[in-house]
Amino acid sequence: MYKILDINLEWIEKLILEIQKSTFSMINNPPFLFYKNSKGEMRLTINSNLNIEQLGKTFNIINSGIILSQITPECLKIDDFISFQITNPLLWTYPQLRIDCDANKSFSAPWHKDGWILGENLKGIVVWLPVSADGGSLQLLENTNDLECKVIKNNYWGLEADFKDQDLNPYLKNVHVKYGQALVFDENLLHQSFPIREGQLTLQLRYFNLHENNFYRPAVQKITEPVIEFQKLLSE
Ligand SMILES: [Fe+2]
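The model shown is predicted, which means the values in this text are computed figures rather than measured ones. (Residues numbered from 1 in each chain as written. Predicted model: local features only at pLDDT ≥ 70, side-chain atom pairs only at ≥ 80, totals over all residues.)

Caption draft 1: Molecular detail of the overall build of the protein. Along its length, the protein carries 6 helices and 12 strands. A total of 236 residues make up the protein; the buried ones form 28% of that total. In the protein, 84% of the contacts between residues at least 6 apart in sequence involve partners at least 24 apart. (Helix = DSSP H or I, 4+ residues; strand = E, 2+ residues; numbered from the N terminus. Buried ≥ 20, exposed ≤ 12 C-beta atoms within 10 Å, placed from the backbone. Contact = placed C-beta atoms within 7 Å.)

Given below as structure tokens:
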């Protein structure tokens, strides 16, 4: 299952302002370029000259943000759709920002299902949305029942789908998600990184369906992660 939904941008714009502040010290070679559109709204694009060292530093800075840890389906106004899919959504991984650009294209994700990192028989939902102004793209495979898919080891990603030399074109869909939209998909969708062109900054939120009598948090999270801190505050 996948669907593209329109989102409320209020929190994404707060996130962009947070990213602008937190990367300000990298002024000599900024990872992102910021500008205001005709309505005075702040927008962000990726600096195409980013090298791998700056990329690592940027990745750590932007993934430690407080706004990032506070974004929920309610903030994006897609909570009705999420709770229609899963009745008791609980964070499965903490909110993550991913940068895809020329400098890290060798780390692009191979064909995989996010469900492979979720417990067996658990239902999950991924919210994938562009933060950069030009939107973001992802490749996915639809109606793959008659495709033969072998799961093999991948040294960086853990696992990947191997289709040998089967023709994937009849199943392949290139999905472009505009700024202001989110791609929402379930744990079972086969997808991979889209070959990089402009560079994209995307946000991923993952939830799984909590069952009574089966409490289990699939992703390991460090206690210092901002999202844990935020959730501790909420529970007080
Ligand atoms: Fe994925």
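Caption draft 2: Expanded view of the sheet that holds strand E1 (residues 2–6). Spatially, 5 strands are ordered E1-E10-E5-E12-E4 in an open sheet, and the strand pairing comes out antiparallel. Only two strands of the sheet have a single neighbouring strand rather than two, namely E1 and strand E4 (89–100). Across this sheet, the average inter-strand angle for adjacent strands is 20 degrees, counted without regard to direction. Bridge count for strand E5 (residues 124–130) against strand E10 (residues 181–186) is 4 bridges, and the pairing is antiparallel. Opposite tryptophan 128, over in E10, you have leucine 183 as the bridge partner. (Pairing = 2+ DSSP bridges. Axes fitted to C-alpha atoms, helices over the stretch in contact; angles between N-to-C directions.)

Caption draft 3: Molecular detail of the nonpolar core. In this structure, Leu15, Val127, Leu129, Ala182 and Leu183 are the most contacted members of the largest nonpolar core, which totals 43 residues. At the level of secondary structure, the elements contributing two or more residues to this core comprise helix H1 (10–22), strand E3 (42–46), helix H3 (66–70), E4, E5, strand E6 (136–141), E10 and strand E12 (200–209). Residues within four places of leucine 183 in sequence aside, it is in contact with Tyr2, Ile4, Trp128, Leu129, Leu138, Val175 and Val177. (Core = buried A, V, L, I, M, F, W, Y, C linked by C-beta atoms within 7 Å.)

Caption draft 4: Summary view of the sheet that holds E6. With antiparallel pairing, 3 strands are arranged side by side in an open sheet as E9-E6-E11. Sheet topology places strand E9 (172–177) and strand E11 (190–193) at the edges, where each strand pairs with a single neighbour. Ignoring strand direction, the axes of neighbouring strands in this sheet form an average angle of 30 degrees.

Caption draft 5: Representation of unusual backbone geometry within the structure. Positive phi is not limited to glycine here, since asparagine 143 has a value of about 50 degrees. Along the chain, the position of asparagine 143 falls in the loop between E6 and strand E7 (150–154).

Caption draft 6: Quick look at H1. Between its first and last C-alpha, H1 extends 19 Å over 13 residues, near the 18 Å set by a 1.5 Å rise per residue. Looking at the buried residues of H1, the elements they touch are strand E2 (32–36), E3, helix H2 (52–62) and H3. (Expected span 1.5 Å × (residues − 1).)

Caption draft 7: View of the environment of proline 31. Mapped onto the elements, proline 31 comes out in the loop between H1 and E2. Overall, proline 31 belongs to the buried group, with 24 C-beta atoms counted inside 10 Å. In this structure, the C-alpha to C-alpha distance between proline 31 and leucine 55, residues 24 residues apart in sequence, is 7.4 Å. Those residues in contact with proline 31, other than ones at most four positions away along the chain, are Thr23, Met26, Asn47, Leu50, Gln54 and Thr58.

Caption draft 8: Representation of the environment of tryptophan 92 in the model. With respect to the helices and strands, the residue tryptophan 92 is situated in strand E4. Tryptophan 92 sits in the buried class, given 25 other C-beta atoms within 10 Å. The spatial distance from the C-alpha of tryptophan 92 to the C-alpha of asparagine 209 is 8.9 Å, given a sequence separation of 117 residues.

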